[in-house]
Amino acid sequence: MRKELLSIKGLSDQKVDKIIEAARKTSEVGFITCSQLVSKMKNRFQIATGAGKFDQMLGGGIESCSITEVFGEFRCGKTQLCHSLSVMAQLPNNMGGANGKVVYIDTEGTFRPERLRQIAEAKGVSAEAAMENIIYARCYTSDHLEHLLQEAASLMVNDEDRFALLVVDSIMGGFRVDYSGRGELADRQQKLARVMNKLQKVSEEFNVAVLLSNQVMADPGGGCAFMPSYPKPVGGHILAHFSTTRVMLRKGRGDQRVAKIYDSPCLPESESVFEIYNGGVRNGGD
């Protein structure tokens, strides 16, 4: 935004106007035909989860240039899915991967290198190489998250190796702590919109898949005696509008979990059962 450039010390009105004009000339921000868009979209890829039926439900896997959000209660497999996809993203294309590095931002302290080692070994790849290709950061506040996203973008620009996946586990962890009550709700949502906008730009600029896990809140008045009330995802309409595909996870029997398409611009509502095991996730019952 122009006002943000003007707030930088040493930039006058004339300099800002020249910067904006130069940026518009060097970037593709105008109209194009639908056919041109289709040709641009050919570079997009999908990262498989490891569970065939889950991938089929997602239309092939987690898509690049878009934001995929998975939400659900504790112990429903969100972090396990994040760990599994962090290894899958590094695999070659013929194994369902994207042959790229991973940025992993952890807001809850649930990241476990030993779990990555377990998944990598089960996939038959070097655990040391897999961990070397994951750039990790522990995030403590929503301000810190915004800073880390800028740092992640600079890594993607400067690193010679390509990145395939950016994980934030979980997106609302810091926001729920930093902002409390209805009085701070507007400030929280504006800050969240800025963060989501950055994630969207990073995904499109660098052709990476963005995976967000999200917490839920109880909805005591949402159900009745005959219909169960499922928890609602946190983040309100801001998060709902920015997320391209939203997937709800819930617990099943034993190690099984149920994934359901909650919202998508192109995928129909459907469910699939997957299972958590040593090598990440797989079809339920395999």
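Residues numbered from 1 in each chain as written. Predicted model: local features only at pLDDT ≥ 70, side-chain atom pairs only at ≥ 80, totals over all residues. Heavy atoms only, no water.

An unreviewed UniProt entry annotates the protein as Meiotic recombination protein DMC1 homolog A (OsDMC1A) (OsDMC1) (RiLIM15A) of Durusdinium trenchii. UniProt's Sequence similarities (unreviewed entry) comment on the protein is quoted here verbatim: "Belongs to the RecA family." (UniProt positions renumbered as here; feature names shortened; annotations may be inferred.)

Q: Break down the packing of helix α8 (residues 142-158) against helix α10 (residues 185-205) for me, citing the residues and quoting the values.
A: For the pair α8 and α10, the least separation of the axes is 10 Å and the interaxial angle reads 15°. As judged from the angle between their axes, α8 and α10 are roughly parallel. Every pair of crossing elements has a handedness; the one defined by α8 and α10 is left-handed. Residue-level contacts link S142, D143, L145, E146, L149, Q150, A153 and M156 of α8 to K191, R194, V195, K198, L199 and V202 of α10. For the contact of α8 with α10, the class distribution of residues is seven nonpolar, two polar and five charged. (Axes fitted to C-alpha atoms, helices over the stretch in contact; angles between N-to-C directions. Helix = DSSP H or I, 4+ residues; strand = E, 2+ residues; numbered from the N terminus. Parallel < 35°, antiparallel > 145°, perpendicular 65-115°, else oblique. Left-handed = near helix turned anticlockwise from the far one by under 90°. Contact = heavy atoms within 4.5 Å. Nonpolar A, V, L, I, M, F, W, Y, C, P; charged D, E, K, R; others polar.)

Q: Can you break down the layout of surface pockets residue by residue, with the values?
A: The volume enclosed by the largest pocket comes to roughly 1700 Å³. The wall of the largest pocket is formed by 34 residues, among which V29, N197, K201, V202 and E205 lie closest to the centre. Of all the elements in the fold, those that place two or more residues in the lining of the largest pocket are α1 (2-6), α2 (13-26), α3 (34-40), α8 and α10. Of all the elements, α10 adds the most residues to the lining of the largest pocket, at eight residues. In terms of residue class, the lining of the largest pocket is built from 15 nonpolar, six polar and 13 charged. Within this model, the second largest pocket holds a volume of roughly 330 Å³. Considering the residues around the second largest pocket, the lining is formed by 17 residues, among which R188, M217, V234, G235 and G236 are closest to the centre. For the lining of the second largest pocket, the secondary-structure elements that each account for two or more residues are α9 (173-178), α10 and β9 (232-233). (1 Å grid on protein atoms, 1.4 Å probe; cavity = no way out; pocket = protein on both sides within 12 Å on 5 of 7 lines; lining within 4 Å. Points joined across faces, edges and corners; volume = space filled by probe spheres on them.)

Q: Explain unusual backbone geometry to me, using residue names and the numbers behind them.
A: The peptide bond linking D169 to S170 adopts the cis configuration, its omega dihedral lying at 0°. Take S170: it is sitting in the loop between β6 (163-169) and α9. Although it is not a glycine, C65 sits at a positive phi angle of roughly 60°. Relative to the elements of secondary structure, C65 occurs in the loop between β2 (62-63) and β3 (66-71). Taking the relative accessible area as the measure of exposure, C65 reaches 13% and is therefore buried. The backbone of N99 sits at a positive phi, close to 55°, despite the residue not being glycine. (Buried < 20%, exposed > 50% of the residue type's maximum accessible area, 1.4 Å probe, protein only.)

Q: Now, about the state of the cysteines: what can you tell me, with residues and values included?
A: Per the stated rule, a full pass over the model turns up zero disulfides. Counting only cysteine sulfurs, C82 is the nearest neighbor of C76, a cysteine outside any disulfide, at a range of 10 Å. (Disulfide = S-S within 2.5 Å.)

Q: Provide a residue-level description of the packing of aromatic side chains, including the pertinent values.
A: Scanning all chains against the criterion turns up five aromatic pairs. Here the aromatic rings of F54 and F274 are separated by 5.2 Å at their centres, their planes lie at 15°, and the arrangement is stacked. A residue pair is termed long-range when its members are at least 10 positions apart, and F54 in helix α4 (residues 52-57) and F274 in strand β12 (residues 271-277) qualify at 220 residues. By the burial criterion, F54 is buried, and F274 matches it. (Phe/Tyr/Trp six-rings, centres within 6.5 Å; stacked < 30°, edge-to-face > 60°.)

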